[in-house]
Amino acid sequence: MIKLLVDNWSAFISGFGWTVLSSIVALFFSLIIGSLFAILEVMPSKTARVIGNIYVEIFRNIPLLVITMFFYLVIPLYVVKINGFTAGTIGLTIYTSAFIAETVRSGINSVDIGQMEASRAQGMTFWQAMRYIVLPQAFKLVIPPLGNQFINLVKNSSVLAFVAGFDLMYQGNAIASTTFETVNTYIVVGVFYLVITLPISYYMQHLERKLA
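Fair warning: this is a prediction, and the values are worked out from it, not measured in the lab.

Enquirer: Could you clarify how one ought to interpret the UniProt feature "transmembrane region" (unreviewed entry) in the protein chain in this entry?
Expert: In the numbering adopted here, UniProt assigns the feature "transmembrane region" (unreviewed entry) to residues 20-40, 61-79 and 186-204. A distance of 30 Å separates the end C-alpha atoms of residues 20-40, which is 100% helix and 0% strand. The span residues 186-204 carries 100% helix and 0% strand; its end-to-end C-alpha distance comes to 27 Å.

So, in structure tokens, the structure goes:
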């Protein structure tokens with residue numbers, strides 16, 4: 001296994017780098033998009049709630065691979081040319097944002113409704129109250145499930161392998177097919193994924209204890 005790692009070090013590191021980059025980009029944008037749709041789901045406007053619910057229900061119930069293949073095959077054909085990495089990252093972002101939206105929405109609903117009413121009584125707009133009063137408390141409540149979503153995002157980034165995204169799984173498949181050391185290759189790939197996910201897990205646990 002050590003020889004396999006040394007001989008293919010550059011490929012593993014390249015895949016690791018692309019996986020980290022895709023995960024960071026998808027995490028950042030999925031958190032923003034998910035939070036926005038979570039707010040839409042709890043807005044007084046029925047139209048806004050319907051839009052939020054439609055978005056969440058559609059992308060939460062379509063397989064990630066289907067979403068990714070849509071951006072990889074359909075969008076370049078009819079809209080604009082994008083590579084596999086971009087298609088995979090967009091698919092990962094949209095898919096994860098739907099789950100984050102539900103997580104954040106549950107956090108918002110867990111905050112006492114009196115907090116919003118008191119904020120509005122003080123002259124704040126809905127968006128001001130949400131930004132400064134409700135969301136900080138909501139995020140504090142949903143740190144554990146958000147941490148799980150972030151870890152799932154990293155693991156789901158392996159979908160890039162299906163669209164030539166050059167991620168860890170893509171490189172692992174390539175190495176396994178040329179060296180025929182399938183078991184050892186995927187053990188190494190698994191270890192690299194742990195290098196990404198374990199720090200996230202420990203940090204979210206630390207953050208939960210700190211804010212408790």
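Enquirer: Explain a nonpolar patch on the surface to me, please; I cannot follow it from the model alone.
Expert: Taken together, the side chains of Phe70, Leu73, Val74, Leu77, Tyr78, Val79 and Val80 define a hydrophobic patch exposed on the protein surface, amounting to about 720 Å² of accessible area. Turning to its location among the elements, valine 80 is positioned in the loop between α4 (64-78) and α5 (84-110).

Enquirer: Would you take a moment to explain the packing of α5 against helix α7 (residues 126-141) for this structure?
Expert: Packed helices, taken two at a time, are described by the angle between their axes plus the distance between the axes. Packing of α5 against α7 brings their axes to within 8 Å, and their N-to-C directions diverge by 110°. Taken together, the axes of α5 and α7 are roughly perpendicular relative to one another. Where α5 crosses over α7, the two elements pack in a sense that is right-handed. Contact residues: α5 offers Val104, Gly107, Ile108 and Ser110, while α7 offers Met130, Val134, Leu135, Ala138, Phe139 and Leu141. Among the residues forming the contact of α5 with α7, the class breakdown is eight nonpolar, two polar and no charged.

Enquirer: Which parts of the structure should I look at to understand the side chain of threonine 185?
Expert: Assignment of secondary structure puts threonine 185 in helix α10 (residues 182-211). Among the residues examined, threonine 185 registers a relative accessible area of 0% and is labelled buried. What threonine 185 contacts, discounting residues up to four positions off in sequence, is Leu4, Phe12, Gly172, Ile175, Ala176 and Thr179.

Enquirer: Is there a simple way to explain the packing of aromatic side chains in this structure?
Expert: Two numbers describe a pair of aromatic rings. These are the distance of the centres and the angle of the planes. For the structure shown, the criterion picks out 11 aromatic pairs. For the pair phenylalanine 70 and phenylalanine 71, a centre-to-centre distance of 5.6 Å together with 90° between the ring planes defines the contact as edge-to-face. Overall, phenylalanine 70 belongs to the partly exposed group, its relative accessible area being 40%. Classification of phenylalanine 71 by relative accessible area gives buried; the value is 15%. Aromatic pair phenylalanine 126 and tryptophan 127: ring centres 5.9 Å apart, planes at 90°, arrangement edge-to-face. Looking at phenylalanine 126, the relative accessible area reads 11%, which means it is buried. Judged by its relative accessible area of 43%, tryptophan 127 falls in the partly exposed class. Joined through ring pairs, the aromatic side chains of Trp9, Phe12, Phe16 and Phe192 make up one cluster.

Enquirer: Is there a simple way to think about the nonpolar core in this case?
Expert: Nonpolar side chains tend to gather and get buried jointly when the protein is soluble and globular. Formed by 33 residues in total, the largest nonpolar core has its most connected members in Ile39, Ile108, Met130 and Ile200. Where this core is concerned, the elements lending two or more residues are α2 (9-42), α5, α7, α8 (143-156), α9 (168-179) and α10. The greatest single-element share of this core, amounting to seven residues, is contributed by α10. Of all hydrophobic cores here, the second largest spans 17 residues; its members include Ala26, Ile67, Phe85 and Ala101.

Reading the values: rules and limits
Residues numbered from 1 in each chain as written. Predicted model: local features only at pLDDT ≥ 70, side-chain atom pairs only at ≥ 80, totals over all residues. Heavy atoms only, no water. UniProt positions renumbered as here; feature names shortened; annotations may be inferred. Helix = DSSP H or I, 4+ residues; strand = E, 2+ residues; numbered from the N terminus. Patch = residues over 30% accessible without salt bridge, like charges linked within 9 Å, V, L, I, M, F, W, Y side chains within 5 Å. Areas by Shrake-Rupley, 256 points an atom, 1.4 Å probe, with all protein chains shown as cover. Salt bridge = Lys/Arg side-chain N within 4 Å of Asp/Glu carboxyl O. Axes fitted to C-alpha atoms, helices over the stretch in contact; angles between N-to-C directions. Parallel < 35°, antiparallel > 145°, perpendicular 65-115°, else oblique. Left-handed = near helix turned anticlockwise from the far one by under 90°. Contact = heavy atoms within 4.5 Å. Nonpolar A, V, L, I, M, F, W, Y, C, P; charged D, E, K, R; others polar. Buried < 20%, exposed > 50% of the residue type's maximum accessible area, 1.4 Å probe, protein only. Phe/Tyr/Trp six-rings, centres within 6.5 Å; stacked < 30°, edge-to-face > 60°. Core = buried A, V, L, I, M, F, W, Y, C linked by side-chain atoms within 4.5 Å.

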